[in-house]
Every structure is written in C-alpha cells, then in structure tokens.
Amino acid sequence: MSEAESFKYVGQRTIRPDGFDKVTGRASYGADLALPGMLWGKTLRSPHAHAKILSVDVSAAENHPDVMAVVTFDDFPRLKNESVVAGEGAADILDMARNCLADDKALYHGHAIAAVAARSEKAAKEALALISVEYEVLKPVLSLSEAMDPKAPILHEDMFTSGYENRPEKPSNIATRAEMKMGDVEEGFQAADLIVEREFKTPTAHQGYIEPHACTAKYDESGQSMIWCCTQGHYDVRTSTSKLLGIKLSNLNVIASEIGGGFGGKTVVYQEPVALALSKKSGRPVKMVMDRSEVFIATGPTSATSLRAKVGAKKDGTITAMEGWIAYEAGAFKGSPMMPGLMTMFTPYDCPNVKVEGFDVVLNKSKVAAYRAPGAPQAEFAAEMVVNEIAEKLGIDPIDIRLKNAAKEGTQTIYGPKMPRVGLIECLQAAKESEHYKSAVKEGHGRGLAAGFWFNVGGQSSVSVNLNTDGTGTILEGSPDIGGSRASMQMMAAEVLQISPSLLKPIVANTDSLPYSMTTGGSRTTFATGMAVIEAAENIVAQVKERAAAIWNVTAEQVDYSDGVATNMSGEGRMSLAEVCEIAEKTGGQISASANINAKGAGPSFAVHICDAEVDKETGKVDIRRYTAIQDAGKAIHPSYVEGQLQGGAVQGIGWALNEEYIFNSEGVMENPGFLDYRIPLASDLPMIETVVVEVPNKAHPYGVRGVGESGIIPPLGAVGWAVGDAIGKKVEELPCSPPRILSLIMDN
C-alpha cells in the first residue's frame, strides 16, 4: 500500500555500501583492533547477587610478573550525582560508575569488582584468581513482589521513592512512581456494558546480539586518548567516559567499529571507562572483550514486568475506559523503561478516559538497558490481550473493534500531543485485506492479532557532505549503522543531488570529525540524520548553482539544477555536477556542506501483526505456522531494509513470547547464560515472516519518513500469546509460552 510520492532514487533496492565488506569478512568489528604493545583486560565479577564488599586486596595480582595494572572503583575520581545522556534515556553518573565497578556493595551476580590488564589473556585470568575479596553476603531480592514489599531488604539506603506528593519517610526499592491520565476512568467504566480485567507477567529477556561487547582503549596523558568500540552511540560513550574519568571531551576520541547487533543493548558503557583507566595506569593500550556468559550476566537485558490491564466497552465495541498498572524491574540501579511503557500502553486507541500507573523497581539483577521500543512490548502485550478478549466476548472481529477505536489524526494522547496524521487505520485495513487474514484457521491452530505503537524520536544529528573533483563524494555521518542507514543516507543525498547513489560513499565518522550526534536508537536515524543529509545536500545544490552562475556571469536564480546538471536558463550553457566540481578551484575551492540539526516531528509508527500458531497438546511445544507483519513506514527509503526491520522485530518478539527468559536460582545466579540454554529463535524455527509496508507520509520529513526500527517488536507478544491461547482454549497471562508453562495450562482443568 502506498500513497507516498515517487522518487528517482529513494525507494529503490540498492546494494548496501557496506555489504561487500561484511559478507567477505573484511569489516572490522569491536574485537578486531590490535595496537602495538597492547594488553588484555579481564574483569573479576561477584559470585553473589547481594553482598557488602568488606575489602578488596589486589596486591597479589599486582605482583604477577605479566600484570601491568589493576583498577577498582577507587580509581574513578570522586563523582557527584549528575544526570547524563545514556543511550535512549538518562542515567545518574554515580550509578553508572558503580555499575562499571562496584563500590561498597555487589548488587547482582556478575557485578564487576575489579579489572586487570596483563600481557596475555591467560595471565589476566590468572591474576583475577589472585584478587582477594571479603564479602558479607546479604539476602538477594529477586522478584518484583518481593522488592516492593515494605519488609524487603533494601538495596540502596539513600533511595526514597519519587513521584509522590510527600517524600516517604523510609527508603524503598521503588525508585519512582508515575501516573498518566486523561478523562475520568471511573465514569468511563460506569458507561461500559462489559469490563475485562486481567493480570500478566513478562520475563527478563536479552537483546540477543551475536557480537559480545568489545573495546580497545589507549590513554594519552599529554594529548588525545582513544576508544575503539562496538556501540550504537560513540558520542555518548565519549560523554560518559569523560565524566567517569574526569577527561575533557576534546581529549578523548571515540571510534565506532562495525556492530554485530545491538537492538538498544549497546547504548551504555560497561568496559570502556575501565579499559581506559587500565590504559592510564599501565601506559599501554588495553583490549577488553566479554565472553558470552559475561554478556548475559553483566550487561543490560530488558525489564521483567508485572502488569494489570482493565478495559471497558459498550456492546457495539466502543471502548469507554482503559486502565493500567505496571511494575518494571530496573535491575540493580534505578532507570527502567517505565515512562515509555506508560506512554504507549493504550495509545493505539482513541479513548477519552485513560489512566496508567507505573513503578520503577530495583532488585538484585543486572541493570536493565534499552531493547527495541523499550518498555512498550510489555505494556502493550497486556493491553492487546484484553482488547482481544473484549472483542471475543462481544462477538466482534478483532480488527473491526480496533478500526472502531483506532487512534488517528487529532486523537489526544495520554502523554501530551495530539496525533498527527498516522497510518494505524491503513495498517488495520491492510491486515483485513491480507490473504493471511482471509485464510481459514487450520484445525488445531490458533490465530492472534495485535497492534503496536511507538512514538519515535528525532534529536541531534550532524553530517558533512564533501564532493571530490570528479563529482563523487563522501557523506560523513555521526550515526553508527545498525540497520542499513548508510544506504539510506546515500539514497537521500543522491535524490537531492540527482546523481547515482554509487557515486556517494557514506562513512560513520569518529567523534573528532563531526559535532555531536545522538545515539542510533529510538527509530531516529533515517528520520533525523536523513534530514541533516538532505539539508547538507540542498546546500551543495545551492553552491553548485552559485558556482555555475559565476562562470556564466549570471545570478544563481538564473541557473536550474536537475538530473545532476546545472543549466543556464538565460542563455546557452550546461554543466554536470562533475564538471562544476572539476573546476571548483577556480570558483572558490572544493564544494562541501555540513548540517547540524535537532530534528523535530518524528512521525509516530503503528504496526499490526497476525500470527497462526500450532500447539502440541502432549508436550506444550508451540510452532509458529504463519506470520504477517504490517507497518506504516511513512516512506520506505530502502524497501528491502524496511522489510528486514519488520521481520527482525517480529522474530525477536516471537522469541520473547515463546522461549526467552532469564532463569535464576534462589541465590540470584543466572542459570542459563548462553545461547544453548537461553533459546533465541533460529531460522529453522520459523516460517518466512510475510511483510506489508504501508506508506502514510510523515509531513515533518521531506520524503515522508517515519522510523521503523521499533514498532515491529511490540505486537508479537500479544499476537503470539493470543494465538497460543486460541489454540488451547485457555487465556495466556504469563510469558514466555514455553512448553512446561503451556502444558500446565492445558492440564489445568
């Protein structure tokens, strides 16, 4: 479906400019850098989930003949509570320091205690065994219900719940309580003919990126220090590291390597400040690479949640009131994606009476990080399951009840603004007209449908477009490429310059080469960085007109530029872009342009998914037999990569719904820290994910772009959960739909 404008280059399926290096193995990832004299860094981690650190003796490790440096929390400068940008949100700098290296308490199994740098990996591992740590083991807090109990052990004695009118008198594991509301929900429920209320649970789940965290750091006491790392936001790595170590921003250059997956999980620092501290102490470059178990136990997964959703509707399907309650696990330090969850829970619906309440709760697990549409999949899972049940009890088609109540242009959102023009209705119509939805549900199968919403963000982006004397050029962008953004930038610049995309080489620049750019996340890059590319390219066109006008002795207004050619409209004369560049030295020097913007108007994105699932009634095993993802892209700059985003989000959401969860023992030790036991979907587990790209242009972008990276992971939890329940005739209230849990539901009479 498309009503978006047609373009010459935008919308093509070009070969991605970084593709050849990646498929041939030439691309350089986080662990690929080796520097002369480089040392290996390793981290000592807590075996306990909750313990006071009484003493740390590193003297024996320091005396190891191959050890060049050992660092602990005391090697960080004295830090004050200060909020800094950290990936897709903000973080307290002191909490960040205490997560990189523990201070007075170990707050989760795997919490970093100390780090060493040695001449070899073997020596570094030997040195870890020489560090003596004396602990006073404390009772771990491992569940939301336990953490929120007033009698629970307290993780942080200085934490008092914010969000209440009066400051509580006692410390708590609830960091923040928040509420959003509009209208009168009690009045709305009184007007309803049917009310459904259910409680749900979702598990801790990891992003599942294949490349472990890796970095190499080189400290320079008299000049510029360097960090090379796999990250979604190297400018924020620079900011965090500079504050943690007391280094001026101008004295630290961060280079983003290629990234082997991130999905929000590579937006915060773990090893980078530690590696640079080791380099400073040793006087040598230091490389640190996590193994798979470290990734699972010591980096940020997404929050487990406890949720309640209550929806009221009239007999004709009109929704009159919606109410939600959500508690999010933050891990060891405050800062779960609670607020985005509250913002998105019921936003696919145009309902006048809505209230949501949320809690950000700390407990003895690793600090959570962003994961595609942070907080939204959990919140909207509960909402979509209850809306499906409302439709079922009223005998209304699940698409029809959504069409009747769909958010549209002018709908008031709970978080403030009214909706601009959006494509939810078009997505629902596409779902209803799809061959999948029109097909009969096979015997023994179940079908589920769910919608999803993500608000998308814009933010700061910087680019530079530089043309060469032969008419080719480079596009320097400050946004790491995690989903094909190089190709998108190339195509948008080509559209403005009206030259082949192959003539433009996109490059992810280091932090010294461009002004600040926000992290690649929030579905912002093609939208925001794309706007910067378009602005810079338009500046180039203006310069080309001026240069050609100077040669022809006319004004720039008398020069037309189209199809890569400048034409003198007042007389004879035509010059291609390459010809103007070739003689640029005679008209003022080589042609280049920069753009540094803070993009506004990121268009909200909606998705609708359909899932057919089959359940083995004897084992509880679930197989996805057919799956369709439908989403509004505004304008698909590169349709293949948009389809890939839709498919990737669906697969991750399906894994979350079916198999993925952290398993902890009673001591808070994760028991499945590896891909053998933490089961992410394989290609052989799934059918081809069918996609439908809807294009309802975002008026705030020159080409109509609205980000597509996140909405696609939201509907699978509800679509899969409902399909499984439909297949077995029971209501699913807890994810994942693992065989033991589903078998238990089947056997529960």
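Predicted, not measured: the structure shown is a model, and the values here were computed from it. The numbers attached to residues start from 1 for each chain and follow its sequence in the written order. Only residues with pLDDT of at least 70 get local features here, since the model is predicted, and only at 80 or more are side-chain atom pairs given and counted; chain-wide, interface and lining totals rely on the full set of residues. In computing side-chain properties, one takes all heavy atoms of the structure into account and sets aside hydrogens as well as water.

1. What to know about the overall build of the protein
For the protein, the count of helices and strands is 20 helices and 28 strands. Its C-alpha radius of gyration of 27 Å places the protein within 12% of the 27 Å reference for a compact globule of 749 residues. If one aligns the C-alpha atoms of the protein with their principal axes, the spans along those axes are about 85 × 75 × 50 Å. Of all 749 residues assigned to the protein, the portion counted as buried reaches 60%. Note on definitions: a residue-residue contact is assigned when non-hydrogen atoms from the two residues lie within 4.5 Å. Long-range pairs, those at least 24 residues apart, make up 79% of the contacts in the protein between residues at least 6 apart in sequence. Helix and strand definitions here come from DSSP, where helices need a minimum of 4 consecutive H or I residues and strands a minimum of 2 consecutive E residues; each element is numbered from the N-terminal end. Radius of gyration means the value over C-alpha atoms here, while the globule rule gives 2.2 Å times the residue count to the 0.38 power. Each residue is placed in one exposure class: buried if its accessible area under a 1.4 Å probe, protein chains only, is under 20% of its type's maximum, exposed if it is over 50%, and partly exposed if it falls in between.

2. Digging into the packing of aromatic side chains
Two aromatic rings, taken as a pair, are described by how far apart their centres are and by the angle between their planes. Two aromatic rings from Phe, Tyr or Trp, using only the six-membered ring of Trp, form a pair when their centres are within 6.5 Å; if the ring planes differ by under 30 degrees the pair is stacked, by over 60 it is edge-to-face, and anything between is tilted. Taken as a whole and assessed by the stated rule, the structure comprises 15 aromatic pairs. Ring centres 5.0 Å apart and planes at 50° place the aromatic pair Phe296 and Tyr678 in the tilted group. Linking Phe296 in helix α9 (residues 292-298) with Tyr678 in the loop between α18 (639-658) and β28 (689-694), this pair joins segments that are 382 residues apart in sequence. Grouping residues by exposure puts Phe296 and Tyr678 together as buried. Each ring, one from Trp454 and one from Phe455, has its centre 4.2 Å from the other, and the planes form 25°; the classification is stacked. With respect to burial, Trp454 and Phe455 carry one shared label: buried.

3. What to know about helix α15 (residues 485-497)
Side chains three or four residues apart in an α-helix point the same way, a direct result of the helix having 3.6 residues per turn. The length a helix should cover is 1.5 Å for every residue beyond the first. Spanning 13 residues, α15 covers 18 Å between terminal C-alpha atoms, matching the ideal 18 Å at 1.5 Å per step. For α15, the buried fraction is high: 13 of the 13 residues fall into the buried class. Positive backbone phi, at 60°, marks Gln498, one or two positions downstream of α15.

4. Observations regarding the sheet that holds strand β20 (residues 473-477)
Spatially, four strands are ordered β21-β20-β19-β25 in an open sheet, and the strand pairing comes out mixed. Among the strands making up the open sheet, the edge pair consists of β21 (504-508) and β25 (592-599). Pairs of neighbouring strands in the sheet enclose a mean axial angle of 15°, with direction left out of account. At least two DSSP bridges between two strands are required for those strands to pair. As judged from the eight bridges shared by strand β19 (residues 459-467) and β25, these two strands associate in the antiparallel manner. Every axis corresponds to a line fitted to the C-alpha atoms, with the helix fit spanning only the stretch in contact, and the corresponding angles, defined between N-to-C directions, vary from 0 to 180 degrees.

5. Here's the deal with the nonpolar core
Generally speaking, soluble globular proteins have nonpolar side chains that are buried together. In plain words, nonpolar cores are sets of buried Ala, Val, Leu, Ile, Met, Phe, Trp, Tyr and Cys residues tied together by side-chain atoms within 4.5 Å. Core analysis: the largest hydrophobic core is formed by 102 residues, its most contacted members being Met322, Met345, Ile624, Tyr627, Val720 and Val724. Here this core gets 10 residues from one element, more than from any other, and that element is helix α11 (residues 376-394). The residues contacting Met345, other than those within four sequence positions of it, are Arg308, Ala309, Gly324, Ile326, Val356, Ala379, Glu380, Ala382 and Ala383. If you look at the next biggest cluster of nonpolar residues, it comprises 47 residues, including Met489, Val496, Ala537 and Ile637.

6. Brief notes about the pattern of salt bridges
A side chain with one charge may pair with a side chain of the opposite charge, provided their charged atoms come close. Salt bridges are counted wherever a side-chain nitrogen of Lys or Arg sits within 4 Å of a carboxyl oxygen of Asp or Glu. The tally for this structure, following the rule as stated, stands at 44 salt bridges. Linking Asp623 and Lys621 is a salt bridge whose minimum nitrogen-to-oxygen distance equals 2.5 Å. Two residues, Arg626 and Glu690, come together in a salt bridge whose shortest N-O distance is 2.7 Å. With a gap of 64 residues between them, Arg626 in strand β27 (residues 622-632) and Glu690 in strand β28 connect regions that are remote in the sequence. A residue is classified by how much of its surface remains accessible, and Glu690, at 28% relative accessible area, is partly exposed. It is possible to trace a salt-bridge network through shared partners that takes in Arg16, Asp18, Lys22, Glu258, Asp481 and Arg486.

7. What to know about the side chain of Arg372
Checked against the element boundaries, Arg372 lands in the loop between β17 (354-362) and α11. One buried charged residue, Arg372, remains without a salt bridge, the closest side chain of opposite sign being Glu710 at 7.1 Å. Think of a polar contact as two N or O atoms within 3.5 Å of one another; within protein, one of them needs to be a possible hydrogen donor and the other a possible acceptor, and neighboring residues in sequence only count if both atoms come from side chains. A distance of 2.9 Å separates polar atoms of two side chains, one belonging to Arg372 and the other to Gln645. At 2.8 Å, the side chain of Arg372 forms a polar contact with the backbone oxygen of Gly709. Setting aside chain neighbours within four positions, we find Arg372 in contact with Phe263, Pro377, Gln645, Gly648, Gly649, Gln652, Gly709, Glu710 and Ile713. Two residue types count as positive, namely Lys and Arg, and two as negative, namely Asp and Glu; His and chain ends fall outside the count.

8. A word on helix α12 (residues 398-405)
Turning to α12, its buried residues number three or more, namely Ile399, Ile401, Arg402 and Asn405. Considered in projection along α12, the buried side chains sweep an arc of 165° and stay on one side of the axis. Looking at the buried side of α12, the elements it contacts are β16 (319-331), α11, α13 (424-433), α14 (435-438) and β18 (445-454). Backbone nitrogen of Ile399 and a side-chain oxygen of the N-cap are separated by 2.7 Å at the start of α12; the cap is Asp397. This arc describes the spread of directions from the helix axis toward the C-beta atoms.

9. Quick notes on the side chain of Lys287
Among the structural elements, Lys287 can be located in strand β14 (residues 286-289). One buried charged residue, Lys287, forms no salt bridge at all, with the nearest opposite charge on Asp32 at 6.6 Å. Within the structure, Lys287 has its side chain in polar contact with the backbone oxygen of Ala31 (distance 2.7 Å). Residue contacts for Lys287: discarding those within four places in its chain leaves Ala31, Asp32, Leu33, Met38, Leu39, Trp40, Gly41, Cys215 and Thr216.

Function cannot be read off these values alone, since they describe shape.
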